[in-house]
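# Understanding the architecture of this molecule
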Amino acid sequence: MAFDIILWLLSFGISMGLLSILFYQVICLSDLESDQLNAYETASKINSIMIPEFALQGALTAIFLLTWHWFMFLISVPVTYYNVKLYRNHKHLIDVTEIFRQLNTEKKYRFVKLGYYMILLVIVIIRLPPAARSFYMLSAHNPEIEGLDIRSSFLEF
């Protein structure tokens, strides 16, 4: 049970990180559209955070798979697959010379992902209080439990 609350806290942190990365990308594209940034600055800022975004999404999906949270895993797999597909085809980076032509599609793509990460964050927030409550009830009724003991909950099947 202690592992469950750690899982949901970790998922909350990763979801907030993914949401902030995508929000930053949308802001950079909006600044480019309003001529506050040039194309090179925008492309370099967005390209520098693409790999960390993909790594966080992959880590979140792997965490859900390893902890047998199938519903959350199945929600996370399509975006992870799409990220892997973009990376393998070398289309994950924004080209400086094509950025103005692709600006509207890039913004739409980022807004769709932003909506997806918001839905994911809401689901994680909904799942966090029951995990905390079950951990509290477990520790309140069992005086032997003094803290977070990951070993005992990890070995339960």
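The name given to the protein chain in an unreviewed UniProt entry is Cornichon, and the organism recorded there is Dillenia turbinata. As stated in UniProt under Subcellular location (unreviewed entry), the record for the protein chain gives "Membrane". The Sequence similarities (unreviewed entry) comment attached to the protein chain in UniProt states, word for word, "Belongs to the cornichon family."

### Considerations on the packing of aromatic side chains
Going through the model one piece at a time under the given rule, you end up with four aromatic pairs. Geometrically, the ring pair formed by Trp-8 and Phe-64 is tilted, given 6.0 Å between the ring centres and 40 degrees between the ring planes. On the criterion of sequence distance, the pair formed by Trp-8 in helix 1 (residues 2-33) and Phe-64 in helix 3 (residues 50-66) is long-range, its members being 56 residues apart. Using a relative accessible area of 0% as the deciding quantity, one classes Trp-8 as buried.

### Focus on helix 2 (residues 39-48)
Considered for burial, the residues of helix 2 that qualify are Ala-39, Thr-42, Ala-43, Ile-46 and Asn-47. End-on, the buried residues of helix 2 take up no more than an arc of 120 degrees, which puts them together on one face.

### Structural notes on helix 4 (residues 70-88)
The end-to-end C-alpha separation of helix 4 is 26 Å, in line with the 27 Å expected for 19 residues at 1.5 Å each. If you look at helix 4, its biggest bend is around 30 degrees, right at Val-77, and the proline Pro-78 turns up within four residues after that. Where helix 4 is concerned, the buried positions are Met-72, Phe-73, Ser-76, Val-79, Thr-80, Asn-83 and Leu-86. A positive backbone phi angle near 55 degrees is found at His-90, which sits one or two residues after helix 4.

### Re the packing of helix 3 against helix 4
Contact geometry of helix 3 with helix 4 gives a least axis separation of 8 Å together with a crossing angle of 150 degrees. When you trace helix 3 past helix 4, the crossing you get is left-handed. For the pair formed by helix 3 and helix 4, the contact residues are Ile-51, Phe-54, Gln-57, Gly-58, Thr-61, Phe-64 and Leu-65 on the first element and Trp-70, Met-72, Phe-73, Ser-76, Val-77, Val-79, Thr-80, Asn-83, Leu-86 and Tyr-87 on the second.

### Looking at the nonpolar core
Membership of the largest hydrophobic core comes to 21 residues, with the highest contact counts inside it found for Trp-8, Leu-60, Phe-64, Met-72, Tyr-117 and Leu-120. Put simply, the parts of the chain that give this core at least two residues each are helix 1, helix 3, helix 4 and helix 5 (103-141). The contact partners of Trp-8, leaving out residues within four places of it in the chain, are Phe-64, His-69, Met-72, Val-124, Arg-127, Leu-128 and Ala-131.

### Some points on the UniProt feature "transmembrane region" (unreviewed entry) in the protein chain
Mapped onto this numbering, the UniProt entry gives "transmembrane region" (unreviewed entry) at residues 7-27, 54-82 and 111-129. Overall, residues 7-27 shows 100% helix and 0% strand. The separation of its end C-alpha atoms is 30 Å.

What counts, and at which threshold
Note that residues are indexed from 1 along each chain, following the sequence as it is written. Residues qualify for local features only when their pLDDT is at least 70, as the model is predicted, and side-chain atom pairs are given and counted only at 80 or more; totals for whole chains, interfaces and linings, by contrast, use all residues. Only heavy atoms go into the side-chain values, all of them from the structure, while hydrogens and water stay out. UniProt positions are given in the numbering used here, feature names are shortened, and annotations may be inferred rather than shown by experiment. We call Phe, Tyr and Trp rings a pair once their centres come within 6.5 Å, taking the six-membered ring for Trp, and we label the pair stacked below 30 degrees between planes, edge-to-face above 60, and tilted otherwise. Strands are runs of DSSP state E lasting at least 2 residues, helices are runs of H or I lasting at least 4, and numbering of each runs from the N terminus. Each residue's exposure class comes from its accessible area (1.4 Å probe, protein chains only) as a fraction of the maximum for that residue type: buried when under 20%, exposed when over 50%, partly exposed otherwise. In this description, one arc is meant: the one made by directions from the helix axis to the C-beta atoms. Multiplying 1.5 Å by the helix residue count minus one yields the expected span of that helix. For a residue, the bend is simply the angle between two axes, fitted respectively to the seven-residue segment ending there and the seven-residue segment starting there. Axis lines are fitted through C-alpha atoms, for helices just across the contact stretch, and the angle between N-to-C directions can take any value from 0 to 180 degrees. Each crossing gets its hand from how the near helix is turned against the far one by less than a right angle, where anticlockwise is left-handed and clockwise is right-handed. We call two residues in contact whenever any of their non-hydrogen atoms come within 4.5 Å of each other. Buried Ala, Val, Leu, Ile, Met, Phe, Trp, Tyr and Cys residues that are joined via side-chain atoms within 4.5 Å together make up what is termed a nonpolar core.

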